[in-house]
Amino acid sequence: MFIVIITLAIIASLFGLLLAYSAIRFKVEGDPVVNQIDSLLPQTQCGQCTYAGCRPYAEAMAKGEADINQCPPGGEATIIALADLLDVEVKPLNAEHGEVKTLPTIVRIDEETCIGCTLCIQACPIDAILGAAKLMHTVIESECTGCDLCIAPCPVDCIHIFEVKPTTRNWTAELPDADFASPHAG
Amino acid sequence: MRILHHHMQVKLKIMNRNHNQLEEGILSKFDGGLKLVGHKQVSTGSAISSITPGKHYVIPLQQHIGAISQVLVKSGDRVLKGQMIAKRGDLISAAIHAPVSGVVTDIKQHAVPHVSGLSDECIFIENDFKDEWIERNPLGDDYNHTASPNLRKIIRDAGIVGLGGATFPASVKQTEINLKTLILNGAECEPYISCDDILMRERAAEIISGADIIGHIIKARRCIIAIEDNKPEAIKAIQAVIDEDGTGFFRIQAIPTIYPSGGEKQLIKIITGKEVPMNRFPAEIDVLCHNVATAYAIHRAIYFAEPLISRITTITGQGIKQPQNIEVLIGTPMQACIEHCGGYTEDSDELIMGGPMMGFTLKSDDLPIVKATNCLLVTTKEKEMPEQHHMPCIRCGKCVDVCPVRLLPQQLYWYASSKNTDRLLEHNLFDCIECGCCAYVCPSDIPLVQYYRAAKTTFIQQERERKASDIARQRHEAHQFRLEKQKKERAERLRKKREMLKNKSNDKEADKKDSKQAAIADAVARAQAKKAERLKENKAADQDIK
Amino acid sequence: MLFKQSPSPHIKQSLSVHDMMFMVIYALVPGALASIYFFGWGVLFNLAIAISICLATEAIILKLRQRDVAHTLQDGSALLTACLLALALPSLAPWWITAIASISAIAVAKHLYGGLGFNPFNPAMVGYIVVMISFPLEMTLWSAPLGVNDGWPDFSTTFNWVFLGALPYGETIDSISMATPIELIKTQLNQMHDITETRNSKEFSALFSGLSGAGWQWINLCFLAGGLWLVKKDVADWRIPTAFLITLVLISNIFSVIDYSTNSSTLFHVFSGGTMLCAFFIATDPVTASTTPKGRWIYGIGIAALVYIIRSWGGYPDGIAFAVVLMNMAAPLIDYYTQPKVYGDPNK
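Residues numbered from 1 in each chain as written. Chains lettered and ligands numbered in written order. Predicted model: local features only at pLDDT ≥ 70, side-chain atom pairs only at ≥ 80, totals over all residues. Heavy atoms only, no water.

For the rest of this paragraph, the subject is the overall build of chain C. Scanning chain C from N- to C-terminus turns up 16 helices and 0 strands. Its C-alpha atoms give chain C a radius of gyration of 21 Å, near enough to 20 Å, the size a compact globule of 348 residues would have. Within chain C, the proportion of its 348 residues that are buried is 57%. Of the roughly 14400 Å² that chain C leaves accessible, carbon and sulfur atoms contribute 68%. One way to put it: in chain C the 17 positive side-chain charges average out to a point 15 Å from where the 20 negative ones average out. (Helix = DSSP H or I, 4+ residues; strand = E, 2+ residues; numbered from the N terminus. Rg over C-alpha atoms; globule rule 2.2 N^0.38 Å. Buried < 20%, exposed > 50% of the residue type's maximum accessible area, 1.4 Å probe, protein only. Areas by Shrake-Rupley, 256 points an atom, 1.4 Å probe, with all protein chains shown as cover. Lys, Arg positive; Asp, Glu negative; His and termini not counted. Charge placed at Lys NZ, Arg CZ, Asp CG, Glu CD.)

Written out as structure tokens, the structure reads:
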């Protein structure tokens, strides 16, 4: 009986040492999870998730303070990717944080009305508006993410939202209907 | 050891076989494929006819693979026939030319024939019926003494793209290094389409001339014209021209009629026995493949200085009253072509651009003929309508048996439905040529090609979005950095200012002290100076006394 | 109506799921007729019970799942499962055996996993296994085949037994049923009587007439004929039956040469029991088999090996059901490792 205990204890410690050695020797340097989460977010920096940008939201998710379904620009695809990364359940987008836009949008400044106040330039989280005080302001359309943060500060309401319609060069085909996958009447 | 030796011997045998294959005309087979009913006779009963020119032409700016062309004209400009109205948008792009002389009336969005059904930028030209060409200085026979880059420039400026349907810019494929074999693709494997067939029958000499030009550009050693064996007249016509040529550079290779032997990669496997390595170009195995109509267009460019402004299109199907092949100017409305062929029949059902396997349905005929329009197929209502919704996959594996790329269409279907991008890429989703063989045999009527197209376009769009969001992240970080820097600088300036203010008051005190000390020092210095003077004087006086 | 929209391709070959399922059912007919001829009314009753209960179960479950009942029933898959079950179950099995097997096959093995195309295990074989494990005694109740002893019982006896569990005065179930050749060999071997002894014994010699046992050789030949027709019509993949039969022939040959007194001959293995039914109708079920060409070879070989092992050394007389379900389990793994090399793959 005594022999059994000693033997098992020795075997357990041997395996323990082996595991410890493996943990140190074969350690894989991974990306800190905050970077991994941030790489999945759309970088719109709109703040609809109630955090001051995508990075703070990623940090909050890493700490467990924020849920994965607070990002409307990311949409369903981002929620699924986050669920996969963090090993949690997929859930539908939390409607409190906004609606998913059907088409991507950009903004344009109406040059007739712009007064050159720079309030929109200060509001843009990615510096996508060119201009300076008393000089014309212009949105760099190729960089605009559609976060709409510049719309509110403009005192003359000269910034307007435009949908970016798909072209033959960037359209996506739709998956066909698979009738048997969901219940239906009859 | 012996196994290795045996393996090497087998490899050598295969290599030798490949080498001899080209010389001896042995054919290989590609995996999968289907035997389909050709329906070619529907449209080959008459010669190529021409349509009377119309009043309005709509020329889309994107008729090719690559970047959209850049407009060179504006509304109100008068253009000549053959004038370049849009230039290449990028290295991989094509120029666009006016099909008629007339006036540019508009440049705006119009519906274009594309599988998405979307609109695109088009140049609208109103024909003045003067048929006035630009000045043309054809090179003619001189091409034999012209350097390849110059010949490629002529082809490039003529806006010539692959006319088999893929519309890849032709000159980009024609590199000079190591392209030993030129294959002319006269297979035309899809049912109903016969434009290449009729072109070979009626204009064989021009095709061979074009092939000779290409052969000269790429310094090929041989040219093989691949023609499916269901086109005996075309084979005869081409053979007659080859016999007259007598140089031995050209050779016809009749291939069995299997769909899709006209696919570039499949055709190369049939003729050379080799497979184009994944993600690489046929040039890597010393082969260049061009469609016969492309060769014809190259002939027109070199001998007539004509840019690509027309093509042969097959108007066919049970839903057309007089199916035939027509020579039509790019930009001609499809309505005009249909009318020329007698119009629609009573029970016409779908208007398809392309063939029945790879073609896509069009939403109306108010669309222009583009460079890719090899066929307009009008089908009639079928007695048995396929189900709206498809049945579940029963994993029968028929799709695997027919895939010409040796993919697993079944697995691609499962992963596309569940949007599993990783597995889709593992199963080589982007090697799919969308030939439709898998969907043709599927007993559950699953529209497999639609699944793959959705998966591919979604993935490409996701990649685009990911790159855009990476840039946005960098911009945001730069924005943060800039604000931080500004804050720091402001804080620094404030600190310095405060420091300076503090120092100024200290300085005043110090100044006071300083001036006192300075006065004392001055006085001491004066005193010492005086002392020194006196000593000097005394010394001198002493000297004098002595 | 012009300008109708539909995805490519716009032409299709005409064989649908419904067509394929019914072609399999037609191919079963010769073997079914042979079975009825040799084993009597019991087989017909099996068919009737299995077909009605399978279709009814499927209809009820489809209603519960809110699916289109008529559209799904017409694809013929439940009907096919019913026929396969009925032909695999013993001819004198009581009605409730057939019923339990049918319900397990359709409700559990097929619809709980999502319906046609989603089940990982062959439904007919799952139904068979459920009753085999739960009611091993009833699963031995084959009648004596025609030509052996008194042959199969008449209509009223069979009816009363199958549906009411009642036997005529003086008869026991043992007197109207008889072990199949495969079962017999196994039980006799356990009692230390080797094969030659069993085959030549006065008691049992009539059972072993011909290639592989009275009745069974004809049944298997009929299934073989039906199966070959299916392969020719490209409804069943040729790789699976070929792999299965070649492997079975090889293994049984090797072992019967080593010791023919304890290992049955090749002919016996190939034409007895459910061999041909398995080779052409059960193993070729596309939903549960491997899907890659190479994988199907491995799948067929695996089933044959397992059938032989279970028949020779396992606890059950005919190992078809277990062999098939075990290989069903392995099919996804086989698929993963036998992906064909794509066109242009440098590692080809």
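The next point concerns the interface of chain C and chain B. Contacts between the two partners involve 42 residues from chain C and, on the opposite side, 66 residues from chain B. Carbon and sulfur atoms make up 56% of the area that chain C and chain B hide from each other, which totals about 4600 Å². Among the residues of chain C in contact with chain B, F3, H10 and Y343 of chain C are the three that bury the most area, contributing 18% of the side total. Connecting chain C to chain B are 6 salt bridges. (Contact = heavy atoms within 4.5 Å. Buried area = accessible area lost by both parts, 1.4 Å probe. Salt bridge = Lys/Arg side-chain N within 4 Å of Asp/Glu carboxyl O.)

All names here are of chain B. Per the domain assignment, the segments of chain B are domain 1 (25-52 + 136-359 + 374-382), domain 2 (54-130) and domain 3 (395-508). Measuring from the centre of the C-alpha atoms in domain 1 to the corresponding centre in domain 2 gives 23 Å. Tallying the contact residues gives 20 residues for domain 1 and 22 residues for domain 2. Carbon and sulfur atoms make up 67% of the surface buried where domain 1 meets domain 2, a total of about 1500 Å² over both sides. The interface formed by domain 1 and domain 2 holds 0 salt bridges in total. Run the count over domain 1 and domain 2 and you get 4 residue pairs in polar contact (both at pLDDT 80 or more). Residues that form the side of domain 1 that touches domain 2 fall into these classes: 13 nonpolar, 5 polar and 2 charged. (Domains from an automatic or database assignment. Polar contact = N/O pair within 3.5 Å; in protein donor to acceptor, adjacent residues only side chain to side chain. Nonpolar A, V, L, I, M, F, W, Y, C, P; charged D, E, K, R; others polar.)

Turning our attention to the nonpolar core. One finds L28, F244, F281 and I303 of chain C to be the most contacted residues of the largest nonpolar core, which totals 86 residues. Each of domain 1 (16-178) and domain 2 (179-335) of chain C gives at least three residues to this core. In this structure, I303 of chain C is in contact with F244, C278, A283, A323, V324 and M327 of chain C, ignoring residues within four places of it in sequence. Core analysis: the second largest hydrophobic core is formed by 53 residues, A170, I225, A295 and I352 of chain B among them. (Core = buried A, V, L, I, M, F, W, Y, C linked by side-chain atoms within 4.5 Å.)

Attention now moves to the packing of helix α5 (residues 95-111) of chain C against helix α6 (residues 123-134) of chain C. Residues and elements named next belong to chain C. Axis separation between α5 and α6 bottoms out at 8 Å; the angle between their running directions is 130°. Judged by the inter-axis angle, α5 sits oblique to α6. Remark: the crossing between α5 and α6 carries right-handed chirality. The residues of α6 that touch α5, namely those facing I97, I100, A101, S104, A105, A109 and K110, are P123, A124, V126, G127, V130 and V131. (Axes fitted to C-alpha atoms, helices over the stretch in contact; angles between N-to-C directions. Parallel < 35°, antiparallel > 145°, perpendicular 65-115°, else oblique. Left-handed = near helix turned anticlockwise from the far one by under 90°.)

With that settled, consider the interface of chain A and chain B. On the side of chain B, 34 residues touch chain A, which itself brings 29 residues to the contact. Between chain A and chain B, the buried area comes to about 2800 Å², and carbon and sulfur atoms account for 59% of it. Inspection of the region where chain A meets chain B yields 4 salt bridges. Between D127 of chain A and R482 of chain B there is a salt bridge; the shortest N-O distance is 2.8 Å. Counting across the chain A and chain B interface gives 11 residue pairs in polar contact (both at pLDDT 80 or more). Along the lines of polarity and charge, the residues of the side of chain A that touches chain B split into 14 nonpolar, 8 polar and 7 charged.

Residues and elements named next belong to chain A. Applying the stated rule across the entire model yields 47 salt bridges over all chains. As a salt-bridge pair, R55 and E59 come within 3.7 Å of each other at their nearest N and O atoms. Linking R55 with E59, this pair stays in helix α3 (residues 54-63), spanning 4 residues, or about one helical turn. The exposure class assigned to R55 is partly exposed, which follows from its relative accessible area of 31%. The class of E59 is partly exposed, set by a relative accessible area of 35%.

Another aspect to go through is the environment of A77 of chain A. Residues and elements named next belong to chain A. By the secondary structure assignment, A77 is in helix α4 (residues 75-86). Residue class for A77 comes out partly exposed when judged on its relative accessible area of 49%. Here the alpha-carbon distance between A77 and L41, two residues 36 residues apart in the chain, equals 10 Å.

This brings us to the sheet that holds strand β6 (residues 96-97) of chain B. All names here are of chain B. The strand order β3-β5-β6 describes an open sheet built from 3 strands, whose pairing is antiparallel. In this open sheet, the two strands that pair with only one neighbour each are β3 (70-71) and β6. One ladder, built from 2 bridges, connects β3 with strand β5 (residues 84-87); its direction is antiparallel. Counterpart to V71 in the pairing with β5 is A86. (Pairing = 2+ DSSP bridges.)

The next subject is the environment of I133 of chain C. Residues and elements named next belong to chain C. With respect to the helices, strands and loops of the structure, I133 is situated in helix α6. Given a relative accessible area of 48%, I133 falls into the partly exposed group. C-alpha separation for the pair I133 and F121, spaced 12 residues apart in sequence, amounts to 17 Å.

Glancing now at the domain arrangement of chain C. Residues and elements named next belong to chain C. Here chain C is partitioned into domain 1 (16-178) and domain 2 (179-335). With centres defined by C-alpha atoms, the gap from domain 1 to domain 2 works out at 20 Å. At the interface, 34 residues of domain 1 touch 31 residues of domain 2. Between domain 1 and domain 2 the total buried area reaches about 2900 Å² when both faces are included, carbon and sulfur atoms providing 81% of it. For domain 1, the biggest contributors to the area lost against domain 2 are M23, M125 and M178; these three give 18% of the whole. Here domain 1 and domain 2 share 0 salt bridges between them. Where domain 1 touches domain 2, the interface holds 2 residue pairs in polar contact (both at pLDDT 80 or more). Listing elements by their share of the side of domain 1 that touches domain 2, those giving two or more residues are α1 (17-39), α4 (77-88) and α6. Looking at the side of domain 1 that touches domain 2 residue by residue, the classes come out as 28 nonpolar, 6 polar and no charged.

Residues and elements named next belong to chain A. An ideal rise of 1.5 Å per residue puts 16 Å on 12 residues; α4 measures up with 17 Å between its terminal C-alpha atoms. Taken together, the buried positions of α4 are G75, T78, I79, L82 and A83. Buried residues of α4, viewed axially, fall in a sector of 135°; they line one side. Facing away from the buried side of α4 by over 90 degrees, the exposed positions are E76 and D84. Here the buried face of α4 lies against α2 (33-40) and α3. (Expected span 1.5 Å × (residues − 1). Arc of directions from axis to C-beta.)

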